[in-house]
Amino acid sequence: MTKATAKTTKAPAAKKAAVKAAPAKKTATKAAAPKAAKPAAEKKAAVKAAPAKKAAPKASKKVAVVFEANCPLATTVSVAGSFNNWAIDKDMLKKDKKTGLWVGKVTLDAGVYEYKFVCDGQYWDEGDNKIKHV
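Because the structure is predicted, anything quoted here is derived from the model rather than measured. (Residues numbered from 1 in each chain as written. Predicted model: local features only at pLDDT ≥ 70, side-chain atom pairs only at ≥ 80, totals over all residues. Heavy atoms only, no water.)

Q: Describe the environment of Tyr 115, listing the residues and the values that go with them.
A: Note on placement: Tyr 115 falls in strand β5 (residues 112-119). In this structure the C-alpha to C-alpha distance between Tyr 115 and Lys 132, which are 17 residues apart in sequence, comes to 7.5 Å. The residues touching Tyr 115, leaving out its near neighbours within four places in the chain, are Phe 67, Val 79, Ala 80, Gly 81, Phe 83, Trp 86, Asn 129, Lys 130, Ile 131 and Lys 132. (Helix = DSSP H or I, 4+ residues; strand = E, 2+ residues; numbered from the N terminus. Contact = heavy atoms within 4.5 Å.)

Below you can see the structure in the form of structure tokens.
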């Protein structure tokens, strides 16, 4: 019986200690809360006082550009230019059976580009580069 009595006596003492410790935590929380609230209020005031930033420039729109080449004897035609680092096999054109022209669309940002047509992977247009304004 003594053991049971000892346990019962210890339990209420532990509860009292826990109850006393809990209010101390609440007071510490109350004291810390106003300090944390002040910087948030100061930040809101600083945000309101800051001048408005200018809007970032809009990204240029992409435009589908049509390229047409008259290479009736070619088996393949591509367009190489400053827009694709002069790659001869990247932007291939397709032959239109009705007109016989090689036609292809390339999506480009607004700007000025130089280009040439490449027939059969090796024969470039003669003369200066062609210029395309987008």
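Q: How would you explain the nonpolar core if you had to name every residue and give the values?
A: Of all hydrophobic cores here, the largest spans 16 residues; its most connected members are Phe 67, Val 77, Val 79, Phe 83, Leu 93 and Phe 117. Elements that contribute at least two residues to this core include exactly β1 (62-69), β2 (77-81), β4 (102-109) and β5. The element best represented in this core is β5, accounting for four residues. Beyond its immediate chain neighbours, meaning those up to four positions away, Val 77 contacts Ala 69, Cys 71, Met 92, Leu 93, Trp 102, Phe 117, Val 118 and Cys 119. (Core = buried A, V, L, I, M, F, W, Y, C linked by side-chain atoms within 4.5 Å. Buried < 20%, exposed > 50% of the residue type's maximum accessible area, 1.4 Å probe, protein only.)

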